[in-house]
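Residue-level structure breakdown
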Amino acid sequence: MVLYAVRRLLWSIPVILIASILVFVAVRSTTNPAAQRCPTCRAEDQQRLVKELNLDEPATSQYVTWLGNFAQGDFGKTLRNTEVWPDLRDSMIVTLQLGALAWIITISFGLTIGVISAIKQYSWFDSLATGVSFFGLSIPPFFFGLMLQIILVLKFRDWFGTTPFFTSGVNNSTSSGLGYDRLVHLLLPAFTVAVQGIAVYSRYMRSSMLDVLNSDYLRTARAKGISERRVIVRHALRNALIPVVTYSAIDIGALIGGLVVTEQIFQIPGMGVYFLQAFRDGEYVKILPWMMIVVLSVILFNLIADLLYGILDPRIRLD
Amino acid sequence: MRRQRRSVKFLCLLFTFVLLAAACSDDDKSDTSAGSSAAPSGEQKKGGTLLLAAEQWPDCLNPITQCANASWMHWAVANHVLPRLMELDEEGNFRPSPVLAGEPTLSGEGTDNGTGAFTLVYEISPDAVWDDGSQMTADDVIHTWNAYLKTTGSISTAGYDKIEKIEGSNNGKTVTITFTQPYADWQDLFGGNSAYIYQKSKLSGEDTKDDMNQSYGFSGGPFVLDSFDATQAVFSPNTAYWDSDRTPFVDKVIIIPKTDTDTELNAVKAGEVFGIYPQAAPGFKEQVAQDNLTLAFAPGVSYEAIYMLQAPESNKESVFNDKVVREAFMYAVDRDAILTQIIHPDFPEVELLQCGVWVPTVGEWCDQSLWADVTPDPEKVTSLLEGDGWAKGADGIYAKAGKRLSFKWTVNAGNARREAIQALIIPKLQDQGIEAVPDNTDADTLFQTRLPQRQLEVGTYINTASPDPSVTTILHCNQIPTPENSFSGQNSVGWCNQEATALMDESDRTPDPVKRLDLIRQIGKLLREDAVLLPMYQLPNVTIVRNDKVDGPVTLYTPAAYSAFGNIYDWSLK
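What counts and how
Along each chain, numbering runs from 1 in the same order as the chain's sequence is written. All chains are assigned letters beginning with A, and all ligands numbers beginning with 1, in the order in which they are written. Totals for whole chains, interfaces and linings use every residue, but because this is a predicted model, local features are given only for residues with pLDDT of at least 70 and side-chain atom pairs only at 80 or more, for both listing and counting. A helix here means a DSSP run of H or I that spans at least four residues, while a strand means a run of E at least two residues long, and both kinds are numbered starting from the N terminus. Residues with at least 20 other C-beta atoms within 10 Å of their own are called buried, those with 12 or fewer are called exposed, and the rest are partly exposed. The C-beta atoms themselves are positioned from the backbone. The globule rule used here is 2.2 Å times the number of residues to the 0.38 power, and the radius of gyration it is set against is calculated over C-alpha atoms. Think of it this way: build a C-beta for each residue from its backbone, and any pair within 7 Å is a contact. We call two strands paired when DSSP finds no fewer than two bridges between them. Between the N-to-C directions of two axes lies an angle of 0 to 180 degrees, each axis being a line fitted to C-alpha atoms and, for a helix, fitted only over the stretch in contact. The scheme is simple: roughly parallel for angles under 35 degrees, roughly antiparallel for over 145, roughly perpendicular for 65 to 115, oblique for anything else. In this scheme the handedness of a crossing depends on how the near helix is turned from the far one: anticlockwise by less than a right angle means left-handed, clockwise means right-handed. Three residue categories are used. Nonpolar comprises Ala, Val, Leu, Ile, Met, Phe, Trp, Tyr, Cys and Pro, charged comprises Asp, Glu, Lys and Arg, and polar comprises the others, including Gly.

Along its length, chain A carries 13 helices and zero strands. Secondary structure of chain A in N-to-C order comes out as α-α-α-α-α-α-α-α-α-α-α-α-α. For chain A, the spread of C-alpha atoms along the three principal axes comes to 85 × 60 × 30 Å. For chain A, the proportion of its 319 residues judged to be buried stands at 36%.

Structure below.
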């Protein structure tokens, strides 16, 4: 297992390098850093900036310089002459919090619904869950998010005089940091992100459980007199989880940069909004590390998914 | 069966818990009322935190560079912190600001005391100080003058380039400004609509390009800017502020961006913010119909128009370089449909604006006959274009010498009204052989980068009419932003008409209102002849506040050029 992990990490290096080259080429070819750095500058000032940013050097030299700086954590300065990392870090933290909460909700509800649907196949619950899943899969996140705002904030307030939810932001302006205030602010956007995830995971889990429930070894377990609850939890669930867990590990990696719509609707200053703003401003110094972080997270979580697969299924030898 | 009963019990318990949680939690989710002291009825309470939302969020704060193109930079931040010499009241009239001890005096050519150079004398109040306690003096005014002239990418040098010298006397409290010629729009210098004075000792030099982008470091207004970032602007009262009439009631003001119209409305309905100043959008009157919301409408000094940029940086060969195309476009756009379908459902009293860059509620400058003949007329569109050599291609779009009559139309994304206008008009243009392609972008990119750099072909946006009718800053030939002048100037539409420019120069040095009116009207006629823009309407200003959260004259500044937040020093919490 350890050897496998080390080997996969080593294999990741050329993947990361190739990805970094593609990212660098894509971003540099679509932005004009000197012009955006100082749009109101005179031509001679722009020339000075070209030199300052090494933009007059060959592309390979620029790439090597950039990669070296990136590896050392030097992401450069923005158009406004501020450090890139603090804002990027803050955006990442917010998105991680939102993503983690959304993932917890997704897994909790999705797996539960999937297991019950499989156990109660063709029951009213299974039919209802199937219908709701299709609803969840088909509803656009921006529409769902706005509906949640109206129903759970505004209508709730009308009916009960108050509501535990908020329409936007990550904290009340008089609060800061991670705490109860942030948690309740993130609940609605997390539900918005989770709605499609719940639909997907419930279907996955249902399908996976159905495969497992009809297995011979479960029939043997029941024949031995083991309670149905124990059969489901100790035997069926673990094996049914294998494909779901690996899929979810990959899903987490994609969450890092994929919450643009939800963050925009709920005015959350996360990675999605960060990227949109940087892209619109042509801030290549912000786009480059953003894309690399997304690439790294996808690679990392793919590795985790593979490792988990080996842990969960001893039949699989990781070598 | 047993499992079903358990499930039902669980659901009931969960539902009960939710109801209990909802009933027991505090309605006021923030501690914005903390610290408010009780007060006798009729008096406004002191203390607390005022929460407001801004519909657009500035990317930078420098009022001298193109950052100043964004209205919300002024409304959300600068207006509360930076001082002016002359200011606008809620009705758009000029008056001395608290910085001044009284009305300035004018003398010289063009005035009643008409000998010698046109001269302006300000008396700075002996109480007027910066937040660090140092006196505001003529040195600050002189430095401000140089900053507007010498900053790379200065938003406008108009007027400042007519000043010959500025002298201080009386320990710097008397400021004497001598002009090279009479200058009628003197009130917009160092104040007025969008200019300020700056503390010399806190700026790095006369080129302020790198200053004041993310903070100010000084204050001469009722508030101090504590912090500014992408998520909020935080203000606290300026303890050195001398005008007791403008001493803030609250302990803190926080303005946060809510750039999505629906989210902004939901936020004030939910009480997460206490006031918003949204642009009118279709259908929102019904959305905000609730007892604890106060809606105020007033005709503002803002007008919305469709601007056809000439030879923009993004497309030097734009089809709108051709005056005939601009003329045809004006007759192709159905302004009546825009009004009846998009504006009138919420604001039935709004009428078409026919006078270009002035508004009928500000002075007599607006000549409502100028664009009155521009009505939707497909036949006229056809005759104009075909008479100019355009012919419809197989795709139904006009073409001439291999160039299709196609352009990009830019508005700020998320603005429901402007996007609705695009959705309404683009198909109608298509039917008449004109192809318009939406090219929308967020507000701060549009107003702080693309528009100053003239990186669009056609734009729909608001301009604000100053009480002074001068249009030099937005239409003079030498105010076109170009790479050569570091994108200095506000003539983003790129119109250069030498006859109009000469009239602008003459009107600027003509203080006599009767003579000036004639000159302004002539400029208007030339504007119409050259089909520079298509005015649409004077936009009603809207303020929405939570009447259960805020107190004071909260809707007084609804019609004001400084926005409804122009007097937040007078707002208090309930």
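Of the regular secondary structure elements, chain B holds 13 helices and 21 strands. The C-alpha atoms of chain B give a radius of gyration of 26 Å, which matches the 25 Å a tight globule of 574 residues would have. Expressed as a percentage of its 574 residues, the buried residues of chain B come to 55%. Sequence-distant contacts in chain B: of pairs separated by 6 or more residues, those separated by 24 or more amount to 69%.

Below, the discussion takes up the environment of Ala230(B). Residues and elements named next belong to chain B. Mapped onto the secondary structure, Ala230 falls in the loop between strand S8 (223-228) and strand S9 (233-237). Overall, the presence of 14 C-beta atoms within 10 Å leaves Ala230 in the partly exposed class. For the pair Ala230 and Ile256, spaced 26 residues apart in sequence, the C-alpha to C-alpha distance is 8.6 Å.

With that settled, consider the sheet that holds strand S5 (residues 119-123) of chain B. Picture the strands of a sheet paired through backbone hydrogen bonds; they go either parallel or antiparallel. Residues and elements named next belong to chain B. The strand order across the open sheet formed by four strands is S4-S5-S7-S6, and the pairing between neighbours is antiparallel. Of all strands in the sheet, those bounded by a partner on one side alone are strand S4 (105-107) and strand S6 (163-169). Put simply, the sheet's adjacent strands are angled 15 degrees from each other on average, direction ignored. Where S6 and strand S7 (residues 174-179) come together, six bridges link them in antiparallel fashion. Bridge pairing in S7 links Lys165 to Thr178. Set on the sheet, helix H3 (residues 138-150) makes contact with S6 and S7; between it and S6 the angle comes to about 160 degrees.

Residue and element names in this part refer to chain B. Spatial ordering of the open sheet is given by S13-S14-S15, a layout of three strands whose pairing is antiparallel. The open sheet has two edge strands, strand S13 (391-392) and strand S15 (403-404), and neither has a second partner. Pairing of strand S14 (residues 398-400) with S15 involves two bridges; the strand directions are antiparallel. Residue pairing across strands places Ala399 opposite Arg404, the latter belonging to S15.

This part takes up the packing of helix H7 (residues 141-160) of chain A against helix H4 (residues 261-270) of chain B. Here H7(A) crosses H4(B) at 15 degrees, and the two axes come no closer than 10 Å. Put simply, H7(A) runs roughly parallel to H4(B). At the point where H7(A) passes H4(B), the crossing takes the left-handed sense. Across the interface between the two elements, Leu146(A), Gln149(A), Ile150(A), Val153(A), Leu154(A) and Arg157(A) of H7(A) pack against Asp262(B), Asn266(B), Lys269(B) and Ala270(B) of H4(B). Counted by class, the contact of H7(A) with H4(B) contains five nonpolar, two polar and three charged residues.

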